[in-house]
Amino acid sequence: MFVVLRHFDLNGLRRRVHHVSAQRKFALELRLDLVLLFAITEGFLGTLYFVWLGASLDRALGSYPSMMVLGLGAIAVHGAMRLTGQPVGLGILAAAQLGVPVSAVTLGAQSGVLAPGEGPAIVLGALVTIAAAAVASRFVARRPA
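Residues numbered from 1 in each chain as written. Predicted model: local features only at pLDDT ≥ 70, side-chain atom pairs only at ≥ 80, totals over all residues. Heavy atoms only, no water.

(A) Region of the structure containing the overall build of the protein. Of the regular secondary structure elements, the protein holds seven helices and zero strands. Of the regular secondary structure in the protein, the N- to C-terminal order runs α-α-α-α-α-α-α. Approximately 10200 Å² of the protein is accessible, and the part contributed by carbon and sulfur atoms is 70%. (Helix = DSSP H or I, 4+ residues; strand = E, 2+ residues; numbered from the N terminus. Areas by Shrake-Rupley, 256 points an atom, 1.4 Å probe, with all protein chains shown as cover.)

So, in structure tokens, the structure goes:
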């Protein structure tokens, strides 16, 4: 990427694009920076994060089966959207969380506040919400608009 951008800088294309971008308020440099950042994050850093977390968790998923209740609780709370008139399937889809539990496990493991087996159990609870969302999506897709 550096070589390509350096080429555009040397042949003057970067200055011309910058001038048109500033004139028409396109903010092309910002947009290019964001595209590069998201490509690096999703293509490399995000994957690395989940692989690192998976490698750091022990295999004691069955140590705390009660943690699956976390996932079931999240499904129940989000399913309560039905009380406000929302379709229950969409509430269950909204329950699908992986980022927050994974971050909580990462922080908890690094700070040492989780007992052995709790990290994998929390991730298992999060996977329960993903499984429920997969099932709910079939019902939501069948529902006429």
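(B) A look at helix H6 (residues 99–111). Between its first and last C-alpha, H6 extends 18 Å over 13 residues, near the 18 Å set by a 1.5 Å rise per residue. Of all the residues in H6, the buried ones are Pro 101, Val 102, Val 105, Thr 106 and Gly 108. One or two steps after H6, the chain reaches Gly 112, where phi turns positive at roughly 80 degrees. (Expected span 1.5 Å × (residues − 1). Buried < 20%, exposed > 50% of the residue type's maximum accessible area, 1.4 Å probe, protein only.)

(C) Summary view of the nonpolar core. Residues Ile 75, Ile 92, Ala 95, Val 128, Ala 132 and Ala 136 constitute the largest nonpolar core, which totals six residues. Counting residues per element, the ones that place at least two in this core are helix H5 (88–95) and helix H7 (118–142). With three residues, the top contributor of residues to this core is H7. With residues up to four places along the chain from it excluded, the contact list for Ala 136 reads Gly 89 and Ile 92. (Core = buried A, V, L, I, M, F, W, Y, C linked by side-chain atoms within 4.5 Å. Contact = heavy atoms within 4.5 Å.)

(D) A look at unusual backbone geometry. Phi at Lys 25 takes a positive value of approximately 55 degrees, unusual for a residue other than glycine. Checked against the element boundaries, Lys 25 lands in the loop between helix H2 (13–24) and helix H3 (28–56). The class for Lys 25 is exposed, based on a relative accessible area of 73%. In this structure, Ala 27 takes a positive phi of about 55 degrees despite not being glycine.

(E) Representation of the side chain of Ser 21 within the structure. Its place among the elements puts Ser 21 in helix H2. Leave out the neighbours within four places in its chain, and Ser 21 touches Phe 26, Ala 27, Leu 28 and Glu 29.

(F) Seen up close, H2. With 12 residues, H2 extends 16 Å between its outermost C-alpha atoms, agreeing within 8% with the 16 Å of an ideal straight helix rising 1.5 Å per residue. Positioned one or two residues after H2, Lys 25 has a phi angle of 55 degrees, which is positive.

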